[in-house]
Amino acid sequence: MIVVNLGVAPVITCPANITVNNDLGSCGANVQFATTETVGIPASAITYSIAPGSYFTIGTTSVTATATNASGSSSCTFNITVIDNTTPIITCPADITISTTNSAGVSVNYTAPVGTDNCSVGLPVLAAGLPSGSVFPVGTTVVTHSVTDASGNTATCSFNVTVTMQSGNCDDDDDDDDDDHNSQADNHHDEDDDDDHNGKCNDDDDDHNEHADNHHGDHSKSNESESKVMVYPNPVGDDFVIGLNQKGEGSVEIYDNKGNRIFKKDTKNLKEGISINMRGKKAGTYFAKIKCKGKVYTANIFKDK
């Protein structure tokens, strides 16, 4: 007896490799796919190592499809790659402003930034500025942190730490004495003399001040406030003039926002002012310190270009 087998083994064809982005907010994606089978007699059943529509994690996964009928089977393999294209999120603290009497700056602590991601993310890394607990110079320092996830996506955030010099280095306890002193002096001197008398940094009136001190005590203990400093223009461009609104011999020093002194000059008369060239200096906040007969006068200088 002769048996004739009319069946034909199947031939299966897999799709090309598939690449997709991750689903929104997810560390993977659900992926649909299908294979084709030809010439199989009778029709074959197709099975997959991972079913269509399944959830695939970030990375590359191989899928094997097999077609089977009574005459045989056929298999093929293809890859599904899920790419994480979601940028992590990093949150920085709010801007910080703090004042100090130290021209070298002040120690500042801040809350560490926090990073989150749809998959996983490393700890924030300081990219620019100074770490928490460092001495920040007078002026504004931009602090930038970054985070990077396992797929190499990076996010950054920044905040400002602004350190200002406390103005008014004078002794407040002497204010009333100064007022009494000025009032009594008004009985003996005209308006022009009062201007010189109140300007305690006036070299021309040393004898006058000494005479007044014999009657009313020493009124030179306190440093004058920032209002005594004259800066024109401010904000500055390339050139500006700085001085005091009273005569006196002393010096002018300029510091950058890192506390580095970039200029110093002595003068016989601070009221005439000193011309300073800032060409080539970066835009930002600078700190001026004027010394005159044991007193210190301060001002912030803003360079706008």
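Before going into details, it helps to say that this report is about the structure given with it.

Pairing is mixed across the open sheet formed by four strands, whose spatial order is S2-S8-S7-S5. Of all the strands in the sheet, just strand S2 (18-21) and strand S5 (45-48) have a single pairing partner and so form its edges. The mean inter-strand angle of the sheet, taken between neighbouring strand axes irrespective of direction, is 25 degrees. Of the pairings in the sheet, the one linking strand S7 (residues 59-69) to strand S8 (residues 72-83) comprises eleven bridges and is antiparallel in character. When the sheet's bridge partners are listed, Thr-66 is paired in S8 with Ser-75.

Turning our attention to the layout of surface pockets. Considered as a void within the structure, the largest pocket measures approximately 380 Å³ in volume. Lining the largest pocket are 14 residues, with Asp-256, Asn-257, Lys-258, Lys-282 and Tyr-286 sitting closest to its centre. When residues of the lining of the largest pocket are assigned to their parent elements, the largest contribution, three residues, is made by strand S22 (residues 284-292). Across the lining of the largest pocket, the residue classes tally to five nonpolar, five polar and four charged.

Let us now look at the sheet that holds strand S21 (residues 274-277). Taken in spatial order, the three strands line up as S17-S18-S21 in an open sheet, and their pairing is antiparallel. One side of each edge strand has no neighbouring strand; the edge strands of this open sheet are strand S17 (229-232) and S21. Averaged over all adjacent pairs, the angle separating strand axes in this sheet is 25 degrees, with direction ignored. Across four bridges, the pairing between strand S18 (residues 239-244) and S21 is antiparallel. By the bridge assignment, Val-241 is partnered in S21 with Ser-275.

Here we come to unusual backbone geometry. For the bond running from Asn-234 to Pro-235, omega is 15 degrees, close enough to zero to count as cis. Topologically, Pro-235 is positioned in the loop between S17 and S18.

Evaluation of the coordinates by the stated rule reveals six salt bridges. For Arg-279, the salt bridge identified is with Asp-238, shortest N-O distance 3.7 Å. Within this pair, whereas Arg-279 is found in the loop between S21 and S22, its partner Asp-238 is found in the loop between S17 and S18, the two being separated by 41 residues in sequence. Note on Arg-279: relative accessible area 51%, which makes it exposed. Taking the relative accessible area as the measure of exposure, Asp-238 reaches 28% and is therefore partly exposed.

As a further point, take the packing of aromatic side chains. A full pass over the atoms with the stated rule returns five aromatic pairs. Measuring from centroid to centroid gives 5.6 Å for Phe-33 and Tyr-48, while their planes differ by 75 degrees, and the two rings are edge-to-face. Taken together, the positions of Phe-33 in the loop between strand S3 (28-30) and strand S4 (36-38) and Tyr-48 in strand S5 put the pair 15 residues apart, joining distant regions of the chain. Judged by its relative accessible area of 25%, Tyr-48 falls in the partly exposed class. Among the aromatic residues, those joined into a cluster by ring pairs are Phe-33, Tyr-48, Phe-56 and Phe-78.

This next bit is on the state of the cysteines. Scanning the entire structure with this criterion turns up three disulfides. Note that Cys-27 is cross-linked by a disulfide to Cys-119, the S-S spacing being 2.0 Å. In this structure the cystine formed by Cys-27 and Cys-119 twists about its S-S bond by roughly 110 degrees; its chirality is therefore right-handed. Separated by 92 residues along the polypeptide, Cys-27 in the loop between S2 and S3 and Cys-119 in the loop between strand S12 (114-116) and strand S13 (125-128) bring together distant segments of the chain. For Cys-27, a relative accessible area of 27% translates into the label partly exposed. Cys-92 shares a disulfide with Cys-157; S-S distance 1.9 Å. When the S-S torsion is 75 degrees, as for the bridge of Cys-92 with Cys-157, the disulfide is right-handed. One end of the pair, Cys-92, is in the loop between strand S9 (89-91) and strand S10 (96-100); the other, Cys-157, is in strand S16 (residues 154-165), and 65 residues separate them in sequence. Residue classification places Cys-92 among the buried positions, given a relative accessible area of 18%.

Rules used in this analysis
- Each residue is numbered by its place in its chain's sequence as written, counting from 1.
- Only residues with pLDDT of at least 70 are given local features in this predicted model, and only at 80 or more are side-chain atom pairs given and counted; all residues enter the totals for whole chains, interfaces and linings.
- In computing side-chain properties, one takes all heavy atoms of the structure into account and sets aside hydrogens as well as water.
- Here, a strand pair is defined by DSSP locating no fewer than two bridges between the strands.
- Where helices and strands are cited, they refer to DSSP runs of H or I of at least four residues and of E of at least two residues respectively, numbered from the N terminus.
- Axis definition: a line fitted to C-alpha atoms, over the contacting stretch in the case of helices. Angles run 0 to 180 degrees between N-to-C directions.
- Definitions used throughout: a 1 Å grid over protein atoms alone; a cavity as a set of points that fits a 1.4 Å probe which cannot get out; a pocket as an open set with protein on both sides within 12 Å along at least five of seven lines; a lining residue as one with an atom within 4 Å of a point.
- Grid points are joined across faces, edges and corners, and a volume is the space filled by probe spheres set on the points.
- Three classes are used: nonpolar for Ala, Val, Leu, Ile, Met, Phe, Trp, Tyr, Cys and Pro, charged for Asp, Glu, Lys and Arg, and polar for all others, with Gly counted as polar.
- One speaks of a salt bridge when a side-chain nitrogen belonging to Lys or Arg is within 4 Å of a carboxyl oxygen belonging to Asp or Glu.
- Three exposure classes are used, based on accessible area relative to the maximum for each residue type with a 1.4 Å probe and protein chains only: buried under 20%, partly exposed in between, and exposed over 50%.
- Two aromatic rings from Phe, Tyr or Trp, using only the six-membered ring of Trp, form a pair when their centres are within 6.5 Å; if the ring planes differ by under 30 degrees the pair is stacked, by over 60 it is edge-to-face, and anything between is tilted.
- Two cysteine sulfurs form what is called a disulfide whenever their separation falls within 2.5 Å.

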